[in-house]
Amino acid sequence: MKPVSEREAWIGRALEGLGYELVDLESSRSGLLRVFIDSPRGISVEDCARVSNHLTRAFAVEGIDYERLEVSSPGLDRPLKKLADYERFAGREASVKLKLPREGRRRFEGKLAGVEDGKVVLDVEGKRQVIALSDIDRARLVPDV
């Protein structure tokens, strides 16, 4: 799977109108289009079916070509993509992988402390790490056990 950025804004706007947030969008060469959605109240199977039906009709109108559409929740280990995600989930544990090593490592796990001056703040073992969003390869919430 690879990220798909061309359609993200359009799909994001379509989902906002239904009361959902686009968390992630992936596509494969086989024509699979995978859409991850969220909302403040959580995501149910009915939500996924509603979004799938809506997008199927919208894609037909827009002429978007795909073989199979999958709609699901982002899961307990939700990816963090935007600065707003880091603000929303402040206080939660997260795992962050950097593009380039810092202090001899690329992977950091700690408590999200929000956003300051447009940068992600992560408390790792009592030490604040301030990280530019552009330096993050990928980040996910650590599920509560």
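Residues numbered from 1 in each chain as written. Predicted model: local features only at pLDDT ≥ 70, side-chain atom pairs only at ≥ 80, totals over all residues. Heavy atoms only, no water.

Chemist: What is the right way to look at the pattern of salt bridges in this model?
Modeler: Side-chain pairs of opposite charge can arise where the charged atoms are in close proximity. One pass over the structure, following the stated rule, counts 17 salt bridges. When the shortest N-O distance is used, the salt bridge between arginine 78 and aspartate 38 registers 3.0 Å. In this pair, arginine 78 sits in the loop between β4 (68-72) and α3 (83-88) while aspartate 38 sits in strand β3 (residues 32-38), placing the two residues 40 residues apart along the sequence. Bridged by salt links that share partners, the residues Glu21, Asp38, Arg78, Lys82, Asp85 and Arg88 form one connected network. (Salt bridge = Lys/Arg side-chain N within 4 Å of Asp/Glu carboxyl O. Helix = DSSP H or I, 4+ residues; strand = E, 2+ residues; numbered from the N terminus.)

Chemist: Whenever I open this one, the layout of surface pockets confuses me. Can you help?
Modeler: Take a probe with the size of a water molecule and roll it over the atoms, and the empty space left behind shows itself. Taken as a whole, the second largest pocket holds about 200 Å³ of empty space. Surrounding the second largest pocket, 14 residues form its lining, Asp38, Pro74, Gly75, Leu76 and Arg78 being those nearest its centre. Looking at the lining of the second largest pocket, its residues break down into six nonpolar, three polar and five charged. (1 Å grid on protein atoms, 1.4 Å probe; cavity = no way out; pocket = protein on both sides within 12 Å on 5 of 7 lines; lining within 4 Å. Points joined across faces, edges and corners; volume = space filled by probe spheres on them. Nonpolar A, V, L, I, M, F, W, Y, C, P; charged D, E, K, R; others polar.)

Chemist: Looking at this structure, how should I read the packing of aromatic side chains?
Modeler: Between two aromatic rings, the relevant description is the distance of the centres plus the angle of the planes. Taken as a whole and judged by the stated rule, the model has two aromatic pairs. Consider the rings of phenylalanine 59 and tyrosine 66, whose centres lie 5.3 Å apart with planes at 70°: the pair is edge-to-face. These aromatic residues form a ring-pair network of at least three members: Trp10, Phe59 and Tyr66. (Phe/Tyr/Trp six-rings, centres within 6.5 Å; stacked < 30°, edge-to-face > 60°.)

Chemist: Please clarify how the environment of tryptophan 10 should be interpreted in this entry.
Modeler: Looking at the secondary structure, you find tryptophan 10 in helix α1 (residues 8-16). In the structure, tryptophan 10 is positioned 77 residues away from glutamate 87 in sequence and 24 Å away in space, judged by C-alpha atoms. Leaving out residues up to four positions away in the same chain, tryptophan 10 has contacts with Ala58, Phe59, Glu62 and Ile64. (Contact = heavy atoms within 4.5 Å.)

Chemist: What is the right way to look at the sheet that holds strand β5 (residues 93-102) in this model?
Modeler: The strands making up a sheet associate through backbone hydrogen bonding, with each pair oriented either parallel or antiparallel. Across the sheet, which stays open at both edges, the five strands sit in the order β8-β7-β6-β5-β9 with antiparallel pairing between neighbours. In this open sheet, the two edge strands, each paired with only one partner strand, are β8 (127-132) and β9 (136-141). Each adjacent strand pair in this sheet contributes to an overall mean axis angle of 40°, direction not counted. When strand β6 (residues 105-116) meets strand β7 (residues 119-124), the two strands line up antiparallel, connected through four bridges. Across the sheet, residue glutamate 116 finds its bridge partner in β7, namely lysine 119. (Pairing = 2+ DSSP bridges. Axes fitted to C-alpha atoms, helices over the stretch in contact; angles between N-to-C directions.)

Chemist: I would appreciate a short explanation of the nonpolar core in the present structure.
Modeler: Soluble globular proteins: nonpolar side chains tend toward being buried together. Counting residues in hydrophobic clusters, the biggest one holds 16 residues, and the most contacted among them are Leu15, Val35 and Leu55. For this core, the secondary-structure elements that each account for two or more residues are α1, β2 (21-27), β3, α2 (45-62) and β4. Per element, the largest residue contribution to this core is four residues, and it comes from α2. Not counting chain neighbours up to four residues away, the residues in contact with leucine 55 comprise Ile11, Leu15, Val35 and Leu69. Core analysis: the second largest hydrophobic core is formed by 15 residues, Phe89, Val96, Leu98 and Ile136 among them. (Core = buried A, V, L, I, M, F, W, Y, C linked by side-chain atoms within 4.5 Å. Buried < 20%, exposed > 50% of the residue type's maximum accessible area, 1.4 Å probe, protein only.)

Chemist: Even after reading the chapter, I still don't get α1, so can you show me in this structure?
Modeler: Every buried residue of α1 is accounted for by Ile11, Gly12, Ala14 and Leu15. What you see down the axis of α1 is that its buried residues fit within an arc of 165°, all on one side. Exposed and oriented more than 90 degrees from the buried face of α1 are Arg13 and Glu16. Summarising the contacts, the buried residues of α1 are in contact with β2, β3 and α2. (Arc of directions from axis to C-beta.)

Chemist: Please explain the packing of α1 against α2 as it appears in this structure.
Modeler: The description of two packed helices rests on the angle between their axes and on the distance between the axes. As a packed pair, α1 and α2 sit with axes 11 Å apart at the nearest point and diverge in direction by 130°. Classed by the angle they form, the pair α1 and α2 counts as oblique. Helix-helix and strand crossings are classified by hand; for α1 and α2 the assignment is right-handed. Only Val51, His54, Leu55, Ala58, Phe59 and Glu62 of α2 make contact with α1, whose side of the interface consists of Trp10, Ile11, Ala14 and Leu15. Its residues assigned to classes, the contact of α1 with α2 comprises eight nonpolar, one polar and one charged. (Parallel < 35°, antiparallel > 145°, perpendicular 65-115°, else oblique. Left-handed = near helix turned anticlockwise from the far one by under 90°.)

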